[in-house]
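Chain by chain, the residues:
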Amino acid sequence: MITASQSTEKQQNLVKLLEQDKKTLEHEINGYRQEAQKQRKIIQQLEKERDRYINETSSLMQKAGLLYCISSQQYL
């Protein structure tokens, strides 16, 4: 038969376990938030780099087109 003090002790132990689980989960969530922030920064950097390469490619394509036009006119 379980006495009142045994029941209270079990409840206290359960509360301690749940509080520890809560702390662990909060710590994990915090870690995930930090990792997500790092990944957002990396994504922003990659998007800037992508845009820079797109602009650079566009500029080179325009120069190549102009060079082609100039060289075509020389042969006419």
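Caption draft 1: Expanded view of the overall build of the protein chain. Along the protein chain, the regular secondary structure elements total one helix and zero strands. Over its C-alpha atoms the protein chain spans a radius of gyration of 33 Å, topping by over 25% the 11 Å that the globule rule assigns to 76 residues. When its C-alpha atoms are laid out on the principal axes, the protein chain stretches across 110 × 15 × 5 Å. Here the protein chain holds 76 residues, and the buried ones make up 0% of them. Summing over all exposed atoms, the protein chain offers an accessible surface of approximately 7,600 Å²; the carbon and sulfur share of this is 57%. In the protein chain, 12 side chains carry a positive charge and 10 a negative one; their mean positions are 4 Å apart.

Caption draft 2: Structural view of the packing of aromatic side chains. Within this structure, the stated rule accounts for zero aromatic pairs. Here Arg52 stacks its cationic end above the ring of Tyr53, 4.7 Å away from the centre of that ring.

Caption draft 3: Spotlight on the pattern of salt bridges. Inspection of the entire model under this criterion finds one salt bridge. Of the charged contacts, one joins Asp51 and Arg50 as a salt bridge, the two residues approaching to 3.1 Å between their closest N and O atoms. The partly exposed category is assigned to Asp51, whose relative accessible area is 35%. What makes Arg50 partly exposed here is its relative accessible area of 46%.

Caption draft 4: Quick look at the UniProt feature "coiled-coil region" (unreviewed entry) in the protein chain. As annotated by UniProt and renumbered to match this structure, "coiled-coil region" (unreviewed entry) occupies residues 8-63. With 100% helix and 0% strand, residues 8-63 has its two end C-alpha atoms placed 82 Å apart.

So, how was this worked out
- Residues numbered from 1 in each chain as written.
- Predicted model: local features only at pLDDT ≥ 70, side-chain atom pairs only at ≥ 80, totals over all residues.
- Heavy atoms only, no water.
- Helix = DSSP H or I, 4+ residues; strand = E, 2+ residues; numbered from the N terminus.
- Rg over C-alpha atoms; globule rule 2.2 N^0.38 Å.
- Buried < 20%, exposed > 50% of the residue type's maximum accessible area, 1.4 Å probe, protein only.
- Areas by Shrake-Rupley, 256 points an atom, 1.4 Å probe, with all protein chains shown as cover.
- Lys, Arg positive; Asp, Glu negative; His and termini not counted.
- Charge placed at Lys NZ, Arg CZ, Asp CG, Glu CD.
- Phe/Tyr/Trp six-rings, centres within 6.5 Å; stacked < 30°, edge-to-face > 60°.
- Lys NZ or Arg CZ within 6 Å of the ring centre and 35° of its normal.
- Salt bridge = Lys/Arg side-chain N within 4 Å of Asp/Glu carboxyl O.
- UniProt positions renumbered as here; feature names shortened; annotations may be inferred.

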